[in-house]
2 protein chains.
Amino acid sequence: MNGLDEKFAKLGVDYAPGQEQAFETEQKKKSHTDRKKIDFSHGDVNAFEPLPQALEEMIKGIELGADQAYTEYKGKPETRDKIAKRISTFTGRQISGKNQLIITPGSQGALFLAMGSLINQGDKVAIVAPDYFANRKIAQFFDATIVDISLDYLNHTEDAGLDLQELEEAFKAGVKLFVFSNPNNPTGVVYSEKEIKEIATLINKYNVTVIADELYARQIFDGRTYTHLCSQEIDQNQIVTVVGPSKTESLSGYRLGVAFGSPKIISRMEKLQAIVSLRAGGYSQAVLNLWFDEPEGWIEKRVQAHQDIRDELTGLFQASGMFELRPTEGGSYLFVTIPKLTTNIQDFVVSLRDERNIIVTPGTEFGPGFTKSFRLNFSQDKKDAIYAVKEIIEFTKKQFNKIHN
Amino acid sequence: MNGLDEKFAKLGVDYAPGQEQAFETEQKKKSHTDRKKIDFSHGDVNAFEPLPQALEEMIKGIELGADQAYTEYKGKPETRDKIAKRISTFTGRQISGKNQLIITPGSQGALFLAMGSLINQGDKVAIVAPDYFANRKIAQFFDATIVDISLDYLNHTEDAGLDLQELEEAFKAGVKLFVFSNPNNPTGVVYSEKEIKEIATLINKYNVTVIADELYARQIFDGRTYTHLCSQEIDQNQIVTVVGPSKTESLSGYRLGVAFGSPKIISRMEKLQAIVSLRAGGYSQAVLNLWFDEPEGWIEKRVQAHQDIRDELTGLFQASGMFELRPTEGGSYLFVTIPKLTTNIQDFVVSLRDERNIIVTPGTEFGPGFTKSFRLNFSQDKKDAIYAVKEIIEFTKKQFNKIHN
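Here the residue numbers are simple positions, counted from 1 along each chain's written sequence. For this description, chains carry letters from A and ligands carry numbers from 1, given in the order in which they are written. Only residues with pLDDT of 70 or above have their local features reported here, since the model is predicted, and side-chain atom pairs are shown and tallied only from 80 upward, although totals for entire chains, interfaces and linings are computed over all residues. Side-chain metrics in this entry use all non-hydrogen atoms of the structure; hydrogen atoms and water are not considered.

Asker: Sorry if this is basic, but what is going on with the overall build of chain A here?
Answerer: The helix and strand labels rest on DSSP assignments: H or I over at least four residues marks a helix, E over at least two residues marks a strand, and numbering proceeds from the N terminus. Of the regular secondary structure elements, chain A holds 14 helices and twelve strands. Our radius of gyration looks at C-alpha atoms and nothing else; its globule reference is 2.2 Å times the residue count to the power 0.38. The C-alpha atoms of chain A give 21 Å as radius of gyration, which agrees with the globular expectation for 405 residues (22 Å, within 12%). Each principal axis of the C-alpha atoms in chain A carries an extent, and together these give about 65 × 55 × 50 Å. Contact between two residues is taken to exist if any of their heavy atoms lie within 4.5 Å; hydrogens are not considered. Considering only contacts within chain A whose residues lie at least 6 apart along the sequence, 75% involve residues at least 24 apart.

Laid out in structure tokens, this is it:
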């Protein structure tokens, strides 16, 4: 194998969320005609619809024509100004739309540009385990060395459970970049103020750069405190924050993301965007005019609806007595540990899909060690989600009994 | 400077097409109130509107909801099938939508993924001079060594003017990848059947991989023959073809591109897309249903309208006796050499913008040697284009007289 074969062999997508449909043969589809398909690999934008007026706002953009189709690579200036102000209010960090913010094709685009702008070949990059699956893959693509930082989420309640000693040791050993999501994807835990402050202290002490993925920062449950890392005392050349309207606001189909940070980093990201995809879709960008300016109560209602689903699903899993999980504190994910079975998690996930028409994402996508966990995105129709979780429990029991009886 | 500073210092975007607006200060905008802005850096989608029904088709997609928002990373299967069939007819190369085609965010996205999937650090990459500005920048980003291949376009009429001897020498010297656009961007020349056949022979003889950018292949003037490299006898693992509806069809604002090639290469590109941007905007993808299925005569009419503008503009430039250019054979670009002035091309372009409110792209974006050329995209309102070219001629005369009288 040459270097590229090897590199791309590692970059697997077969188990990545959303890719399951590629394996749905006609035969399988047929055998499922009696079962409703519930796809927990991503949120259901039919159950939780996009921000009101999103389409209308895009049509206004299309009517503007060339001015909207061909924006600067980092996005339309007026839109950047507008959302920079609102994001400044949201995070407490004053940023300028002029040179501290970039609009990208999805927050995935922002993450790729940020990592591509900050990783030198061979650099050590600290990544939380578990965390968003692409972090690891992007670091590998740029030939970085990954240093895992444990998140002992099952045994904490006040903190997310990040091993700060491990983090300091990694920084001491020369880590250049730290990437983490808050709320954490896939576990849904929120970092405490204490943890965020300690991360900031370590960033400063060891001169490390950090990418904070705050994609779900608007969807925090139970009135919990959320602390933005960017609001701490950190040199702005050492932090990039990624946000976007794909999740809580259900705008994923418009492919919009946003990153903010120092002019130096944003300029690099824009240069990279120029060769990666030129710009986020011009017409789509218009939709951002609505963002952080939703109708009164809209966000609160949406967050409450997700909290209710979380309560139902965690209740079901816990009552079964078979699974380990920590109730989601922010975002739409549950990360569930299955009881000891003979099958590995990939086989479990494939069987669940083939036999019950239910799609979840294997834990191994979020870190190689998560061989007994799966993630589900519960931004779904509530009844469907309850039905499907009951199915998962029943299915697991059957698998368990097959082995143990 | 560390390695990244150096790398990003080379990745300039200040003179890239579309970026000029970033330099438009309020003061400059004011001083221009009496002059209409003519932006030749890209086509004007107000003058040549997007494919009819594009918006309606996207709205249908948005109404489908989740099924359209979350496609496979390489694009929605039904859409891939549909356009694969039509592209097979267009190019004469049979491709399957299943695993030989990927939908990307713009053809820029396709180019980045293709190069990222094929370049190993240190590889030699042959790039035509002049050619599309991003080719060079992407190769640099992936730490390739660029080998220039001359295109003597001004001194040929039957052929594009590629130096095939130089190409063979480069291949002999170990070039792994050859990237070229046909029709060529920025000169608008079309490779002859003879040239394409010779390129194919060299590709086979030296086992080189090629990326053919055919973005403008539907806009060929004067009934000229167009030969698709992919229709030649070449191992399909050695060729990726990039196409897209951003140009002739004016769909740039939807950010859609397409690449096709062997299952091996497309699989790599999909893996890379998974970490770069996940997928082309789901809702936008719906617009591709219309592509290569336009109302009867629509494409022919559009091509004819562009040919008419080409005739007018080349006539004006030639009549002035001050410029060198070859009339465009395909696509919407004219590449114009200015007479010897004391200013460099960047200063010329900036002055033209500041004094006349006319935007063109400096030749140095297309190869470091093109210090006396600029590119203009004449997909514009015809009257506006004629006015602006007259202004450019008058402006150049003034500059010239300042120096020589």
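Asker: Hey, could you run me through the pairing of strand β9 (residues 333-337) of chain A in this one?
Answerer: Residue and element names in this part refer to chain A. Categorising residues by exposure relies on relative accessible area from a 1.4 Å probe, with only protein chains included: less than 20% of the type maximum marks a residue as buried, more than 50% marks it as exposed, and the intermediate range marks it as partly exposed. Burial analysis of β9 places five of its five residues in the buried class, which makes it a mostly covered element. Burial along β9 is two-sided: the residues Tyr-333, Phe-335 and Thr-337 and Leu-334 and Val-336 are all buried. Here, strands pair whenever DSSP counts at least two bridges between them. Where β9 lies against strand β12 (residues 373-377), five bridges are found, and the strand directions are antiparallel. Bridge pairing in β12 links Leu-334 to Leu-376.

Asker: How should I be thinking about the pattern of salt bridges in this particular structure?
Answerer: Where side chains of opposite charge bring their charged atoms close, a pairing between them can arise. Residue and element names in this part refer to chain A. For this analysis, a salt bridge means a side-chain nitrogen from Lys or Arg found within 4 Å of a carboxyl oxygen belonging to Asp or Glu. Counted according to the given criterion, the structure contains 44 salt bridges over all chains. A salt bridge links Arg-224 to Glu-329; its shortest N-O distance comes to 3.8 Å. Remark: Glu-329 occurs in the loop between α12 (298-320) and β9 and Arg-224 occurs in the loop between β6 (209-213) and β7 (239-243); sequence separation between them is 105 residues.

Asker: What is the right way to read the sheet that holds strand β8 (residues 257-260) of chain B from this model?
Answerer: The strands that make up a sheet are held in pairs by hydrogen bonds between backbone atoms, and each pair lies either parallel or antiparallel. Residues and elements named next belong to chain B. Read across the open sheet, the seven strands follow the order β2-β8-β7-β6-β5-β3-β4; overall the sheet is mixed. Edge positions in the sheet fall to β2 (101-104) and β4 (145-150), since each of these pairs with one other strand and no more. Here the strands of the sheet are splayed against their neighbours by 20° on average, with no regard to which way each runs. Of the strand pairs in this sheet, strand β6 (residues 209-213) and strand β7 (residues 239-243) are connected by four bridges, and their pairing is parallel. Among the inter-strand pairings, Ile-211 is bridged to a residue of β7, identified as Val-240. Note on definitions: angles span 0 to 180 degrees between N-to-C directions of axes, and those axes are lines fitted to C-alpha atoms, for helices only across the stretch in contact.

Asker: Explanation requested: the confidence of the model for chain A in the structure shown.
Answerer: Per-residue confidence from the prediction method is given by pLDDT, with values spanning 0 to 100. Residues at a pLDDT of 70 or more form 97% of chain A, whose mean pLDDT is 94. Scored as a whole, the predicted complex attains pTM 0.96, and scored at its interfaces, ipTM 0.95.

Asker: How should the relation of the copies chain A and chain B be read in this particular structure?
Answerer: Both copies of the chain are related by one operation, a rotation about an axis with a shift along it. With an RMSD of 0.0 Å, chain A superimposes on chain B once it is rotated by 180° and translated 0.0 Å along the axis. Both chain copies can therefore be described as sitting about a two-fold axis. A symmetric contact is evident, with 100% of the interface residues of chain A recurring at the interface of chain B. Overlaid copies result from least-squares superposition on C-alpha atoms, with residues included only where pLDDT is at least 70 in both.

Asker: In this structure, what is going on with the packing of aromatic side chains? I would like to understand it.
Answerer: Each aromatic ring pair is characterised by the separation of its centres together with the angle its planes make. Pairing of aromatic rings covers Phe, Tyr and Trp, the last through its six-membered ring, and needs centres within 6.5 Å; plane angles under 30 degrees mean stacked, over 60 mean edge-to-face, and all others mean tilted. Under the definition given, this model contains 47 aromatic pairs over all chains. Where Phe-112 of chain B meets Phe-142 of chain B, the ring centres are 5.3 Å apart and the plane angle is 35°; that geometry is what we call tilted. Within this pair, whereas Phe-112 of chain B is found in helix α6 (residues 106-118), its partner Phe-142 of chain B is found in the loop between α7 (133-141) and β4, the two being separated by 30 residues in sequence. Both residues of the pair, Phe-112 of chain B and Phe-142 of chain B, count as buried. Their ring planes at 90° and their centres at 5.5 Å tell us that Tyr-216 of chain B and Tyr-333 of chain B sit as a pair that is edge-to-face. Of this pair, Tyr-216 of chain B sits in the loop between β6 and β7 while Tyr-333 of chain B sits in strand β9 (residues 333-337), placing them 117 residues apart in sequence. Across the pair, exposure class does not vary: Tyr-216 of chain B and Tyr-333 of chain B are buried alike. Taken together through their ring pairs, the aromatic side chains of Phe-8, Phe-112, Phe-141 and Phe-142 of chain A together with Phe-8, Phe-112, Phe-141 and Phe-142 of chain B make up a single cluster. The side chain of Lys-7 of chain A reaches across the aromatic face of Phe-141 of chain A, ending 4.8 Å from its centre. Note on criteria: charge over ring means Lys NZ or Arg CZ within 6 Å of the ring centre, with the direction from the centre no more than 35 degrees off the ring normal. Sitting above the plane of the Phe-292 of chain B ring, Arg-218 of chain B keeps its charged end 3.9 Å from the centroid.

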